[in-house]
Amino acid sequence: MDLLALADFTLVARHGGFGRAARAANRPKATLSRRVSELEAALDLRLFERGARMLKLTEEGRALFERTGLLLMELEESAAAIASGGQAPKGRLRISAPLLFAQTAMGRLAADFALRHPAVRLEVTTEDRAVDMIEEGFDLVIRVNPEPDESLVGRIFLRDRLVVVASPTLARPEESERAPAVVRATGDRQPWQVRTAGGVTIIPVDPVLGLSSLIMVRDAVRAGVGAGRLPISLVSHDLANGNLVCWGDVDAPDITLWTLYPTRRLLSARVAAFLDHLKLAFPFGTPDELAAYVGG
């Protein structure tokens, strides 16, 4: 089998089209089309369904892509490591990060990393959804409380927890009274379970405002329109200076932030360097560290 043709097929499959693949690799579109056609002829298989405005993997094409994509990426990483002497990381590093972490910490993290590793071209995309690392070409993803995935490995690098906070001007409701609440979805009317020194209490809520961003929720809570459930790292400075008061910890498991990468893929120097960078920024992975980093 022609490995170069296989590599071109993988490139086209990864980018979802000949045009996008040609632009990404700075290769002629006609060359990629010819190489893929030659591979199809050699295998006696149709790998793509070609339409006037679309290109879709066939069942056989998807099976080939899933089996060979990781192997070819490993070969590329091995060649890159050998070419660089296995030392200084260089090349493109694509990372997907969740919205809140990206908004509060990723800008500073990325800038510090770029200064420390100028030969790496870091690209960060903000996504709350679980991206497909292989098909979308990411080297590393950061996810919040991810579902188990046998194709990925990684570790927790940060922990956080939810608290219920409010403006000091907003009186805590009496038992069974509804608290005005700022929520992520206007239809969320579930009562809040809150841990205090006296045990777990239930706070019925009246959602007065629904916002899609936790930063917007925090700002609205600061304004006194209602109470909110927010990560302690996002409000610790407001609690310390009296802008907000805490009604208690949310009775729920901790929030965990993970770094993940494919199990079968060689750990590149670039990914290893970024993991080390996170360890330097958050050596213990506590909410206080994240709050100090964001506040700094």
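Described in the following lines is the structure provided in the data block. Just so we're clear, the structure is a prediction, and the values are computed from it rather than from any experiment. (Residues numbered from 1 in each chain as written. Predicted model: local features only at pLDDT ≥ 70, side-chain atom pairs only at ≥ 80, totals over all residues. Heavy atoms only, no water.)

### Quick look at the overall build of the protein chain
Along the backbone of the protein chain there are ten helices and 14 strands. Taking all 296 residues of the protein chain together, 42% fall into the buried category. When the accessible surface of the protein chain is totalled, it reaches about 15700 Å², and 53% of it is carbon and sulfur. (Helix = DSSP H or I, 4+ residues; strand = E, 2+ residues; numbered from the N terminus. Buried < 20%, exposed > 50% of the residue type's maximum accessible area, 1.4 Å probe, protein only. Areas by Shrake-Rupley, 256 points an atom, 1.4 Å probe, with all protein chains shown as cover.)

### Description of the packing of helix α7 (residues 214-222) against helix α8 (residues 232-241)
Packing of α7 against α8 leaves a shortest axis separation of 11 Å and a crossing angle of 20 degrees. Here α7 is positioned roughly parallel relative to α8, judged by the angle of their axes. Here α7 runs over α8; the crossing is right-handed. Mapping the contact onto sequence places L214, I215, R218 and R222 in α7 and L234, V235 and D238 in α8. (Axes fitted to C-alpha atoms, helices over the stretch in contact; angles between N-to-C directions. Parallel < 35°, antiparallel > 145°, perpendicular 65-115°, else oblique. Left-handed = near helix turned anticlockwise from the far one by under 90°. Contact = heavy atoms within 4.5 Å.)

### Things to note about the pattern of salt bridges
Charged atoms that come close allow side chains of opposite charge to pair. The tally for this structure, following the rule as stated, stands at 14 salt bridges. For the salt bridge of R92 with E123, the shortest nitrogen-to-oxygen distance reads 3.7 Å. One end of the pair, R92, is in strand β3 (residues 91-97); the other, E123, is in strand β4 (residues 120-126), with 31 residues separating them in the sequence. A residue is classified by how much of its surface remains accessible, and R92, at 45% relative accessible area, is partly exposed. (Salt bridge = Lys/Arg side-chain N within 4 Å of Asp/Glu carboxyl O.)

### Considering the sheet that holds strand β13 (residues 245-250)
What the seven strands build is an open sheet, ordered β10-β9-β13-β7-β12-β8-β11; its pairing is mixed. In the strand order of this sheet, the two ends are held by β10 (199-203) and β11 (205-210), each with one partner. The average angle at which neighbouring strand axes cross in this sheet is 40 degrees, direction not considered. Sheet topology note: the strand β8 (residues 179-183)/β11 ladder contains five bridges and is parallel. By the bridge assignment, A181 is partnered in β11 with P207. Its contacts with the sheet place α7 against β7 (162-166), β8, β11 and β12 (227-231), and it is angled at close to 135 degrees to β12. (Pairing = 2+ DSSP bridges.)

### Quick word on the pairing of β7
For β7, a buried count of four out of five residues is recorded, marking the element as mostly surrounded by other parts of the structure. Across four bridges, the pairing between β7 and β12 is antiparallel. Note that in β12 the partner of L162 across the bridge is P231.

### A closer look at unusual backbone geometry
Even without being a glycine, D44 presents a positive backbone phi close to 55 degrees. With respect to the secondary-structure elements, D44 resides in the loop between α3 (29-43) and β1 (48-50). Backbone geometry at N145 places phi at a positive 45 degrees, although glycine is not the residue there. The residue N145 is located in the loop between β5 (140-144) and β6 (152-160) in this model. Residue class for N145 comes out partly exposed when judged on its relative accessible area of 40%.

### Let's talk about the sheet that holds β3
In spatial order, the strands read β4-β3-β5-β14-β6; together these five strands make up an open sheet with mixed pairing. At either end of the open sheet lies a strand with only one pairing partner, and these are β4 and β6. Ignoring strand direction, the axes of neighbouring strands in this sheet form an average angle of 20 degrees. Along the sheet face, helix α9 (residues 269-281) touches β3, β4, β5, β6 and β14 (255-262) and points at about 50 degrees away from the line of β3.

### A short note on α7
By the burial criterion, the buried members of α7 are L214, V217, R218, A220 and V221. The buried residues of α7 occupy an angular sector of 165 degrees when the element is viewed end-on, so they sit on one face. Looking at the packing, one finds that the buried side of α7 touches α5 (99-116), β7, β8, β11, β12 and α8. Following α7 by one or two positions, G224 adopts a phi angle in the positive range, close to 90 degrees. (Arc of directions from axis to C-beta.)

### Observations regarding the environment of K279
Checked against the element boundaries, K279 lands in helix α9. On the accessibility criterion, K279 (45% relative accessible area) is partly exposed. Along the sequence, K279 and F157 sit 122 residues apart, while their C-alpha atoms lie 7.3 Å from each other.

### Quick look at the side chain of T58
By the secondary structure assignment, T58 is in the loop between β2 (55-57) and α4 (59-83). Overall, T58 belongs to the buried group, its relative accessible area being 8%. In this structure the side chain of T58 is engaged in a polar contact, spanning 2.7 Å, whose partner is the backbone oxygen of R46. When residues no more than four places from it in sequence are discounted, the contact partners of T58 are R46, L47, F48 and E49. (Polar contact = N/O pair within 3.5 Å; in protein donor to acceptor, adjacent residues only side chain to side chain.)

### With respect to the nonpolar core
Among soluble globular proteins, nonpolar side chains are generally buried collectively. F101, M106, L109, I142, F157, F274 and F282 are the most contacted members of the largest nonpolar core, which has 31 residues in total. Counting only elements with at least two residues in this core, the list comes to β3, α5, β5, β6, β14, α9 and α10 (287-295). Ranked by the residues each element gives to this core, the list is headed by α5, at six residues. The residues contacting I142, other than those within four sequence positions of it, are I95, S96, A97, P98, F101, M106, F157, L257, W258 and T259. Core analysis: the next-biggest nonpolar cluster, separate from the first, contains 18 residues, L11, F48, L57 and F65 among them. (Core = buried A, V, L, I, M, F, W, Y, C linked by side-chain atoms within 4.5 Å.)

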